[in-house]
Amino acid sequence: MRVTIFGASGLLGQALMREWSGDSVTGLGVEDGNVRDKDLVAEIVRKQQPACIVLAAAYTDVDGCEANPELAFAVNRDGALNVADAARQAGAKLLFLSSDYVFDGTKTTPYETDDARNPQSVYGRSKAEAEVRLLEILPGCCVLRTAWMFGMGGKCFPDTILKLAASRPAIDVVNDQRGCPTYSVDLARAIIQLCRKGTSGIVHVTNAGDCSWFEFAREIVKGAGLPTEVRPVSSAQIARRAPRPAYSVLSPSSSQRVGIVMPTWQDALRRYVEERKD
Ligand SMILES: NC(=O)c1ccc[n+]([C@@H]2O[C@H](COP(=O)([O-])OP(=O)(O)OC[C@H]3O[C@@H](n4cnc5c(N)ncnc54)[C@H](OP(=O)(O)O)[C@@H]3O)[C@@H](O)[C@H]2O)c1
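Residues numbered from 1 in each chain as written. Predicted model: local features only at pLDDT ≥ 70, side-chain atom pairs only at ≥ 80, totals over all residues. Heavy atoms only, no water.

Visitor: Now, about the overall build of the chain: what can you tell me, with residues and values included?
Guide: Regarding its fold elements, the chain presents 10 helices and 12 strands. The C-alpha atoms of the chain give 18 Å as radius of gyration, which agrees with the globular expectation for 278 residues (19 Å, within 12%). If you line up the chain on its principal axes, its C-alpha atoms span 55 × 40 × 35 Å. The buried share among the 278 residues of the chain stands at 52%. (Helix = DSSP H or I, 4+ residues; strand = E, 2+ residues; numbered from the N terminus. Rg over C-alpha atoms; globule rule 2.2 N^0.38 Å. Buried < 20%, exposed > 50% of the residue type's maximum accessible area, 1.4 Å probe, protein only.)

Below you can see the structure in the form of structure tokens.
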């Protein structure tokens, strides 16, 4: 199978490039595959004729999106539409990466794929609008929602916590947002399976289990054997430009239905900490 990955230099993109073997995979970064350039995207897809396209490219700075909504929509919605148009013309399958931030976070039980979107941030709106349009243009595409990603090769929460914990006696972490940490390696493996199966529709893929950022940080510090105290605080105590959902746990039932069973986030975190030491 020929595969094209947009966003190959990102956290997930790098994991996909490392994990994907047995197929002919081309990875593109922003310099050689800017999704905002409709003609370029069409040309790339026409030349490569992939069976499957993974769209991992995005403007992912959630607070940055709030300050720069034009860029957020230009990349996350309009860029995605450019890729979807090219996929349709070439008859390629498309797997689009979306986010738990399409939900408002008012539920208290895990979000299912057919729960109503109600994004509260510009980033979430740009993803939600992309989802809706993509499913119209390409009803056979796969919209994969994931959350709280961490891994090697970029900024991520466990890396930040480990760096802070190494230099401070105590750190404050929010305890009123709940979600599902997701290791880029495990997500990449699931994406490879979904592409090979040709899965269509909306699928939720995260590591199993859920936690608050505070609980996540406590596990990170404990796992690293550091003496740092982790203190719970509320979101109101830590000013952020973009609102985050208080609860964005994604139900695994959609991925289990297509045969994807994810390891727990605690297991994934242990493997990440080991990988980080190498
Ligand atoms: N990280 C999370 O917690 C999380 C949670 C839910 C969903 N997601 C989604 O999962 C996907 C992958 O996330 P990630 O964490 O791997 O993101 P990331 O590390 O920020 O990587 C994003 C990638 O997109 C590229 N990019 C940015 N603008 C582009 C453009 N105009 N054209 C082409 N490429 C462009 C970036 O290139 P440069 O590095 O050169 O700028 C980078 O390779 C994204 O769709 C994201 O929205 C992520």
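We are not done yet, so read on.
Visitor: Could you give me a rundown of helix H4 (residues 69-90), with the residues and numbers involved?
Guide: In an α-helix, one turn spans 3.6 residues, which is why side chains three or four residues apart end up on the same side. Compared with the 32 Å implied by 1.5 Å per residue over 22 residues, the 30 Å span of H4 between its first and last C-alpha is a close match. Along its length, H4 shows its largest kink, about 30 degrees, at Asp-78. (Expected span 1.5 Å × (residues − 1). Bend = angle between axes of the 7 residues up to and from the residue.)

Visitor: If you had to explain the state of the cysteines to someone new, which residues and values would you point to?
Guide: Within the structure shown, the criterion is met by zero disulfides. Residue Cys-52 stays outside any disulfide, its sulfur separated by 3.1 Å from that of Cys-195, the closest cysteine. Looking at the unpaired Cys-180, the closest cysteine sulfur is the one in Cys-211, lying at 7.8 Å. (Disulfide = S-S within 2.5 Å.)

Visitor: Outline the side chain of Ser-99, supporting the account with residue identities and numerical values.
Guide: With respect to the helices and strands, Ser-99 occurs in strand E4 (residues 93-99). Since its relative accessible area comes to 4%, Ser-99 is described here as buried. Here Asp-100 takes part through its side chain, which lies 3.2 Å from a polar atom of the side chain of Ser-99. Reaching out from Ser-99, the side chain makes a polar contact with the backbone nitrogen of Tyr-101 at a distance of 2.8 Å. Among residues more than four places away in sequence, those in contact with Ser-99 are Tyr-123, Lys-127, Arg-145 and Thr-146. (Polar contact = N/O pair within 3.5 Å; in protein donor to acceptor, adjacent residues only side chain to side chain. Contact = heavy atoms within 4.5 Å.)

Visitor: Provide a residue-level description of the pattern of salt bridges, including the pertinent values.
Guide: Applying the stated criterion across every chain yields a total of 24 salt bridges. With a closest N to O distance of 3.3 Å, Lys-47 and Glu-43 form a salt bridge. You can see Lys-47 and its partner Glu-43 sitting in helix H2 (residues 38-48), four residues apart, about one turn around the helix. Across the pair Asp-267 and Arg-271 runs a salt bridge, and its minimum N-O distance is 3.0 Å. Placement of both Asp-267 and Arg-271 in helix H10 (residues 265-277) is noted, with a separation of four residues, approximately one turn of the helix. Judged by its relative accessible area of 28%, Asp-267 is partly exposed. Via salt bridges that share partners, Lys-38, Asp-85 and Arg-88 belong to a single interconnected network. (Salt bridge = Lys/Arg side-chain N within 4 Å of Asp/Glu carboxyl O.)

Visitor: Give a detailed account of the pairing of strand E1 (residues 2-6), specifying residues and quantitative values.
Guide: Regular strands place their side chains on alternate faces of the sheet. Most of E1 sits inside the fold, with four of its five residues counted as buried. Here five bridges tie E1 to strand E2 (residues 24-28), and the two strands are oriented parallel to one another. In the sheet register, Arg-2 faces E2, and the bridge partner there is Ser-24. Handedness of the β-α-β unit built from E1, helix H1 (residues 11-19) and E2 comes out right-handed. Here four bridges tie E1 to strand E3 (residues 52-55), and the two strands are oriented parallel to one another. (Pairing = 2+ DSSP bridges. Right-handed = clockwise from strand over helix to strand, strands pointing away.)

Visitor: Tell me what's going on with the site of the ligand, and back it up with residues and numbers.
Guide: Residues in close proximity to the ligand total 24 residues, the closest being Ser-9, Leu-12, Thr-60, Tyr-123 and Met-149. For the ligand, an oxygen atom lies 2.8 Å from a polar atom in the side chain of Lys-127. In the complex, the protein chains occlude 79% of the 890 Å² of accessible area that the ligand would expose alone. Counting only elements with at least two residues in the shell around the ligand, the list comes to H1, E4 and helix H5 (122-137). Tallied by class, the residues present in the shell around the ligand amount to 13 nonpolar, nine polar and two charged. (Near = heavy atom within 4 Å. Areas by Shrake-Rupley, 256 points an atom, 1.4 Å probe, with all protein chains shown as cover. Nonpolar A, V, L, I, M, F, W, Y, C, P; charged D, E, K, R; others polar.)

Visitor: Please give an account of the pairing of E4 that cites residues and values.
Guide: Here E4 lies mainly inside the structure; six of its seven residues are buried. Here four bridges tie E3 to E4, and the two strands are oriented parallel to one another. The partner of Leu-55 across the bridge, within E4, is Phe-96. The parallel pair E4 and strand E5 (residues 142-146), bridged by H5, forms a crossover whose chirality is right-handed.

Visitor: Which residues make up the packing of aromatic side chains, and what values go with them?
Guide: Aromatic ring pairs are described here by two measures, namely the spacing of the ring centres and the angle between the planes. Here the structure, examined in full by the defined rule, presents 12 aromatic pairs. Pairing Trp-148 with Trp-213 gives two aromatic rings, centres 3.5 Å apart and planes at 10 degrees, and the pair type is stacked. You can see Trp-148 sitting in the loop between E5 and strand E6 (149-150) and its partner Trp-213 sitting in helix H8 (residues 213-223), a full 65 residues away along the chain. Trp-213 carries the same exposure label as Trp-148, and that label is buried. (Phe/Tyr/Trp six-rings, centres within 6.5 Å; stacked < 30°, edge-to-face > 60°.)

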